[in-house]
Amino acid sequence: MQGWVILALLLSLRVLRSQGQNGLAELPVPHGLTLQPDLPTQTLSLTWQSDSSLFDIEIFHTELMNVVLNETVAVKADPVTGQHGWTWLSPSPLECTSHSVRIRARNQQAVSQWSPLQTIPGSDIPEMSESNMYPQDKVVPVGSNMTFCCIVKEKHDFKEIMYRGQEMSATRLSRRTYAITVTNQRASDRTGTNVVCCSPSLTLTGTVVFVGYPPGDEGLVCETRDLASAECSWDKGRETHLRKKINRTNYTLNGRVCSEANEGKSWGCSSKVWEENWSLVARNPLGTVRLTDSAQLADRVHLLAPANVTAVEVKAWNATLQWSWPVAAYKKLEMVCQLQLISHELSSTRNYSGIGLSSVMLEGLWPDVDYTVTLCCGSKQAFWKWGDVSAPYSIHTKMDRPDALDVWLWMDSSNTGRVHWKPLSERKSHGALVRYEVSQSSAEEDGWTPVYLSPESFSYPIILNNSSDITVAVAARNPAGLSQPSTVTTPAYRADSQLSVPELLGTNGKFDLSWQPNANASRGYVVEWVPTGCSGLCPVNWEKVPESDSSFTVKPDSLKEGVRYTLSVYVLSTGAATLLQRWQGYSQEMIPAQSVGELSANQTGSDVMLSWKDTAMERQRGFIRGYTIYLANASRLDLVANISNPERRSYRVKGLPLSSYKFIVKAYTSAGEDPGSTVAIKMEMDTADMLFVGILVPLAAMFCGLILISICCYKKREWVKKAFYPEIPGPKVPGDWSSSQGPLDVKPSPHSLVHIEESPEWNFSKKGLVPVPEEEEESENDNIEVDTDSDEPALLKYYNQVVGGGSRSNHVSDSSGSSTASVGSTQTEITYTGIQSPTSSQGVCVGGGGYRPQVQCAAEPAEPQDEFEAVFQDDGLNTGYKPQCSWQLDSPEAENFSGSLGSPTSVTSSQFLIPESSEEKPQSSSTWFHSFLSGKS
């Protein structure tokens, strides 16, 4: 302690010396400075005596002499005591370290010397060596700033300070003290906010701070429950976050402590006596709230709940309830009661009133239904609020016979149908159904024939006769009895194909129907909708419409998307229902569920004919609006055609080159296209085209070849002529041919012997040379072998006769191999005319050895042939000319060569030398090709 005093004296001396050196004007030094700390509020109160009113004040952290305050303040002296007083709020707890204070007086011209330092010790002085942390259990409002300090135990080191588990930046205040500052603190948790100081030796020191709000209570209301006492309640308001008992909000009502509210069990106070004015005070460490209320007793009546609610009498359609009150004063109070009636199908509220009301009759109930009843009441004269609600009470009403059924008869053919009825709800069945009774009657039958069906059945088949309509009655039975029968007369059957059924598209999943009113609709209309094409047990739906309405909306809950429905409107009258109007449509169209069927592709020349079948109606899921045809090319689809006519199911793709193709056909509705059917085809040469090309190409090739050959031959015609058709020298006749014609004396050829005879007389009936029989020579030469190498001529006999101009002969060109001139010494060429061999009646020429000229073979049975028959005995003589002899008179060749016969010719030559007459020009045997090669036209 002596060390601290000596240190303070030294500081004072140094300050006085510095002031004397500066030469400041001397003012009286304030004296009697005292320090009074207030640790909970972290305030330091200063008092001193001085004649001045303006002072300089300095405050230090004593150990390190850090200045924490240097301020000039104006403080007036207390008129009674003459002392000056001033209070300082420390930003950090005063326990953190020692604080030293000095003061001096000031005026406009001078200042006094500093007063001696006054020091208040902190908890970090050597005498207090334990570790500690400040402040402890401090309560502050949300959003405030706060400084925490940690005093480390003597001879221990400091490590860190954690706030809400987060390390904070610390500042050193003294040798053992470290501090952190937290700004804008948020509300604490239930147990407060923890601040922990740690040392390297794991020694922990901590504190808790409670950050919260002042009281926020509001809305004080006082009421009576028993018409004598009072119960006051209020709203708590916002949470204060101060849950520790010493920090909890305390309440007082009209000066009396509200123990239940202070303990947190409720937010109300009670008083045994009604007081018209009420005052509530709510207080916690952060603030205080005052609430007030005033009211008359009759205006604040809050009744208790009715007790002992019971049902005195329960019937099928009504029941009687009664209850009691726990407060006797209620029997004289005019009240109104509210009854809540709840069943699984409905909930209703009913109000009843009376003085001391304790029983009511419930009407309009439904048979065989469970009801739950709750009840609450209030003052009717000055209604404040409904009282407490009674405990729930259950009632089960008795059974009654069912309501009449909603019946409809649907015809699926001209003589068959089904009667349908809708199941009864629990409210309409009035009890568990036992069975259904179906009966039918016609004009031909008396009485009804009943059929009993189980409660799970909702339709029954009907078979009609052709003579009259049938009336069907359906009733439901439960243990209480049988319902009124519902009757329906069979309507006339109208198939869809017999009517012009327009298309109908739904909107938002529903159908909006309208029709022209009908004067015969005395009992209204029936709207029926059934899936199109359905037969047998179909889901038939119908609704009955009053005769005053001519429109109806089919709701989506009875429709399915993508299903085609047939919707019909029937007129109900005294007889059978008659069809008024019919539609077909979809409530919501979808893309077809199935692709087109049986897609095929057939080649027709360079075209492809695509054909397919329509999708089944139940798989269409919308009206087919048309078809799209695509050509699949690698990874893309090229549109080929869009067929907008849904009735057309074929398409011709024209002008396709030979290749492989893949076509996709898709049907589409207003919702989109189906997945599509695919067909592939390979284009090949058509059979007719191949046959045409197979014939035409060879002909064209042959024709082109002939043209090329002709061109070549034309250019080489001289060479061809020399090679294939050499020039034949013309005949040269020596001597004088002007003399008259006579027998020729010709030396026989060395290769043939000709025997020349003169006929003494000419037979003009013959038309040519007639060979003479040489029987003698034949007999003589039978055994003579002809020597072809011999120079001796062979013997040939003929008549040299002249054939008249009118004679008919054939000119034949000899084609034998001899082409040289006449042989023999005389070198004489012999010409002759009209050589003709005799023919038989059959026109057959018989030749033997030796010379055989070309002859005309004709059948002339009227002329004798025996004496002109030439017989050649030696068939072995192959030498000499052997002409063709099988021509007939009717042969075209015979006519062509008729001009050549009879012309003079060389014996050994194959060419005719001289035509028969100048009038007849012999027909050349050469062809057009020969002329072409020879260059003649």
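Model, not experiment: these values are computed from the prediction.

Thresholds, definitions, all that
Residues numbered from 1 in each chain as written. Predicted model: local features only at pLDDT ≥ 70, side-chain atom pairs only at ≥ 80, totals over all residues. Heavy atoms only, no water. Helix = DSSP H or I, 4+ residues; strand = E, 2+ residues; numbered from the N terminus. Buried < 20%, exposed > 50% of the residue type's maximum accessible area, 1.4 Å probe, protein only. Contact = heavy atoms within 4.5 Å. Areas by Shrake-Rupley, 256 points an atom, 1.4 Å probe, with all protein chains shown as cover. Patch = residues over 30% accessible without salt bridge, like charges linked within 9 Å, V, L, I, M, F, W, Y side chains within 5 Å. Salt bridge = Lys/Arg side-chain N within 4 Å of Asp/Glu carboxyl O. Core = buried A, V, L, I, M, F, W, Y, C linked by side-chain atoms within 4.5 Å. Disulfide = S-S within 2.5 Å. Pairing = 2+ DSSP bridges. Phe/Tyr/Trp six-rings, centres within 6.5 Å; stacked < 30°, edge-to-face > 60°. Lys NZ or Arg CZ within 6 Å of the ring centre and 35° of its normal. Axes fitted to C-alpha atoms, helices over the stretch in contact; angles between N-to-C directions. Lys, Arg positive; Asp, Glu negative; His and termini not counted. Polar contact = N/O pair within 3.5 Å; in protein donor to acceptor, adjacent residues only side chain to side chain. pLDDT = per-residue confidence, 0-100.

## With respect to the overall build of the chain
The helix and strand tally for the chain stands at nine helices and 53 strands. The buried share of the chain, reckoned over its 937 residues, is 39%. For the chain, restricting intrachain contacts to residue pairs at least 6 apart in sequence, the fraction spanning at least 24 positions comes to 66%. Accessible surface, the chain: about 52700 Å² in total, of which carbon and sulfur atoms supply 52%.

## Some thoughts on a nonpolar patch on the surface
Side chains of L691, I695, L699, M702, L706 and I709 sit close together on the surface and give an oily, nonpolar patch of about 610 Å² of accessible area. Note on placement: L706 falls in helix α5 (residues 687-715).

## With respect to the nonpolar core
The biggest cluster of nonpolar side chains holds 25 residues, and the ones touching the most others in it are W323, M335, C337, L339, V360 and L362. If you list the elements that add at least two residues to this core, you get β25 (318-324), β26 (334-342), β28 (359-363) and β29 (370-379). Residue contacts for M335: discarding those within four places in its chain leaves L303, W325, Y330, S353, G354, G356, L357, C377, G378, S379 and K380. Core analysis: the second largest hydrophobic core is formed by 22 residues, L656, V665, I681 and M683 among them.

## A look at unusual backbone geometry
Between Y134 and the following residue, P135, the backbone shows a cis peptide bond with an omega angle of -5°. Topologically, P135 is positioned in the loop between β8 (132-134) and β9 (138-141). A positive phi angle, close to 65°, is found at L227, a residue other than glycine. Within the secondary structure layout, L227 lies in the loop between β17 (218-223) and β18 (230-235). L227 gets classed as partly exposed once you look at its relative accessible area, which sits at 26%. Residues other than glycine seldom take positive phi values, yet R621 does so here, at roughly 60°. Relative to the elements of secondary structure, R621 occurs in the loop between α4 (617-620) and β48 (626-633).

## Remarks on the state of the cysteines
Tallying each qualifying case throughout the model produces six disulfides. Sulfur-sulfur distance for the disulfide between C222 and C232 comes to 1.9 Å. Looking down the S-S bond of the C222 and C232 bridge, the torsion is 105°, so its handedness is right-handed. Here the residue C222 occupies a position in strand β17, and C232 occupies one in strand β18, the gap between them amounting to 10 residues. Residue class for C232 comes out buried when judged on its relative accessible area of 3%. This cysteine, C198, is not joined by any disulfide, and C197 carries the nearest cysteine sulfur, 6.6 Å off. As a non-bridged cysteine, C713 has C712 as the owner of its nearest cysteine sulfur, 6.8 Å distant. For C713, a relative accessible area of 17% gives the class buried.

## Some words on the pattern of salt bridges
For side chains bearing opposite charge, pairing can occur when the charged atoms are close. On inspection of all chains with the given rule, the structure shows 26 salt bridges. The residue R649 makes a salt bridge to D614 at a minimum N-O spacing of 3.3 Å. A residue pair is termed long-range when its members are at least 10 positions apart, and R649 in the loop between β49 (636-643) and β50 (650-653) and D614 in the loop between β47 (607-613) and α4 qualify at 35 residues. The shortest N-O distance in the salt bridge between E647 and R649 comes to 3.9 Å. Classification of E647 as exposed rests on a relative accessible area of 59%. Connected through salt bridges with shared partners, the residues E63, E154, R175 and R176 form a single ionic network.

## As for the sheet that holds strand β10 (residues 146-151)
Judged by pairing direction, the sheet is antiparallel, and its four strands sit side by side in the order β8-β10-β14-β13 without closing on themselves. The sheet is open, and its two edges are formed by β8 and β13 (171-172), each paired on a single side. Of the pairings in the sheet, the one linking β8 to β10 comprises three bridges and is antiparallel in character. Within the sheet, the bridge partner assigned to M133 lies in β10 and is C150.

## Section: the packing of aromatic side chains
Applying the stated rule across the entire model yields 17 aromatic pairs. When the centroid spacing of 5.1 Å and the interplanar angle of 80° are considered together, the rings of W48 and F55 count as edge-to-face. Neither residue differs from the other here; W48 and F55 are each classed as buried. Where F158 meets Y178, the ring centres are 4.2 Å apart and the plane angle is 10°; that geometry is what we call stacked. Linking F158 in the loop between β10 and β11 (160-163) with Y178 in strand β14 (residues 177-182), this pair joins segments that are 20 residues apart in sequence. By relative accessible area, which is 22% here, F158 ends up partly exposed. Put simply, the rings of W234, Y251 and W267 touch in pairs and so form one group of aromatic residues. R300 extends its terminal NZ or CZ atom over the ring of W384, reaching a point 4.8 Å from the ring centre.

## What about the sheet that holds β29?
Spatial strand order, β27-β26-β29-β30: four strands in an open sheet with antiparallel pairing. Of all the strands in the sheet, the pair left with one neighbour each is β27 (347-355) and β30 (393-396). Going across the sheet, the axis of each strand differs from the next one's by a mean of 30°, ignoring polarity. Summarising the sheet, β29 and β30 pair through four bridges and their orientation is antiparallel. The residue of β30 that forms the bridge with V373 is Y393.

## Section: the side chain of R418
Position of R418 among the secondary structure elements: in strand β32 (residues 416-421). With no salt bridge to any partner, buried R418 finds its closest opposite charge in D412, at an N-O distance of 6.9 Å. Only 3.1 Å separates the side chain of R418 from the side chain of S459, close enough to count as a polar contact. Discounting residues that sit within four places of it in the chain, R418 has contacts with W408, L409, W410, S459, Y460, P461, I462, G536 and L537.

## Digging into the confidence of the model for the chain
For the chain, the mean per-residue pLDDT works out to 78, and 74% of the residues sit at or above 70. This stretch, residues 750-755, has a pLDDT under 50; its non-local contacts, to residues over four places away or in other chains, come to 33 contacts. Segment residues 757-929 is flagged for pLDDT under 50; beyond a separation of four residues in sequence, or across chains, it makes 279 contacts in the model.

## Overview of the environment of K244
Position of K244 relative to the elements: it lies in the loop between β18 and β19 (250-253). Relative accessible area serves as the criterion here: at 34%, K244 is assigned to the partly exposed category. Those residues within four positions of K244 in sequence are excluded, and the remaining contacts are D137 and F210.

## Observations concerning the side chain of Q620
Along the chain, Q620 falls in helix α4. Among all residues touching Q620, those that are not within four sequence positions of it are R564, Y586, M590, I591, P592, A593, D614, T615 and T669.

## Focus on the pairing of β19
Of the two faces of β19, the one lined by Y251 and L253 is fully buried and the one lined by N250 and T252 carries no buried residue. Bridging between β19 and strand β22 (residues 277-284) involves four bridges; their strand directions are antiparallel. When the sheet's bridge partners are listed, T252 is paired in β22 with V281. When β19 meets strand β20 (residues 256-257), the two strands line up antiparallel, connected through two bridges. Note on β20: the bridge partner recorded for T252 is V257. Hairpin connection from β19 to β20: two residues lie between these consecutive antiparallel strands, with N254 at a positive phi of about 50°.

## Side note on the environment of C198
Along the polypeptide, C198 turns up in strand β15 (residues 193-198). If sequence neighbours within four positions are ignored, C198 has contacts with F158, K159, E160, T203 and L204.

## Comments concerning the environment of S606
Along the chain, S606 turns up in the loop between β46 (597-604) and β47. Linking S606 and L658, residues 52 residues apart in sequence, is a C-alpha distance of 7.7 Å. The contact partners of S606, leaving out residues within four places of it in the chain, are V653, K654, G655, L656 and M683.

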